[in-house]
Amino acid sequence: DISAESDEVELDWSHDFQILKPVIEGRGFDVSGVDHLCKLPCVYCASGYRRRIPSYASTLMDDDWVGREYQLILSIKDGDAPSEIDPVLFDLRRVGLLQVFVNSGAMPEGLEKLQSAKMIWIEGNSTHGLEGGLPSGFWSLKARMFLLASMGSQFTGELPSVLPMCEYLD
């Protein structure tokens, strides 16, 4: 059991829980009876045996992130089920690492609103991922590390010559 370090963090975690529970359930995970953010599948509130993130990602998190932030690895339970990025994810308040696997759908607007994420990783399955181009503001996100990988031929996003996000990347 991981507890929030303060009432402010607990309010933010409750806010994020209300967003994430239906999103995670929509991806095929059982969330029945889950009543706390840190008990949701795909949510990691501490390092340890359940942690599946790459070691370099842990260097992006503050040394004392436990109790303040969490990591979200939003996988696809059924690989054949369409899985898009839900724009409500951009309203999360305490996610420190956001990894989302996608196999369909356009990139919604608003990724740049996500202020707490130190690492954002959007991953397709090599043949399918995001579809179409990227919304304005996409390259203005404020993460320290960003990965956009394995999108497939239906992805037509372009890398502009000026990237505002470079101000924040490590």
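About the criteria used
- Residues numbered from 1 in each chain as written.
- Predicted model: local features only at pLDDT ≥ 70, side-chain atom pairs only at ≥ 80, totals over all residues.
- Heavy atoms only, no water.
- Helix = DSSP H or I, 4+ residues; strand = E, 2+ residues; numbered from the N terminus.
- Core = buried A, V, L, I, M, F, W, Y, C linked by side-chain atoms within 4.5 Å.
- Buried < 20%, exposed > 50% of the residue type's maximum accessible area, 1.4 Å probe, protein only.
- Contact = heavy atoms within 4.5 Å.
- Lys, Arg positive; Asp, Glu negative; His and termini not counted.
- Salt bridge = Lys/Arg side-chain N within 4 Å of Asp/Glu carboxyl O.
- Polar contact = N/O pair within 3.5 Å; in protein donor to acceptor, adjacent residues only side chain to side chain.

A. Region of interest: unusual backbone geometry. Positive phi, normally seen in glycine, also occurs at C42, with a value near 80°. With respect to the secondary-structure elements, C42 resides in the loop between α1 (7-26) and β1 (43-44). Positive phi is not limited to glycine here, since S126 has a value of about 85°.

B. View of the nonpolar core. Judged by nonpolar contacts, the single largest core of 43 residues is most densely connected at L20, I24, Y70, L72, L89, L111 and I122. Here this core takes seven residues from α1, the largest share from any one element. In this view, L89 contacts L20, V23, L72, L74, V100 and L114; residues no more than four positions away in its chain are not counted. Counting residues in each nonpolar core, the second largest holds eight residues, with M61, W65, M119 and W121 among its members.

C. Layout of the side chain of R27. Mapping R27 onto the fold places it in the loop between α1 and β1. Lacking a salt bridge, the buried R27 has D86 as its closest oppositely charged neighbour, with an N-O distance of 8.0 Å. Engagement of the side chain of R27 in a polar contact is seen with the backbone oxygen of F101, the distance being 2.8 Å.

These results come straight from atomic positions and should not be treated as a statement about function.
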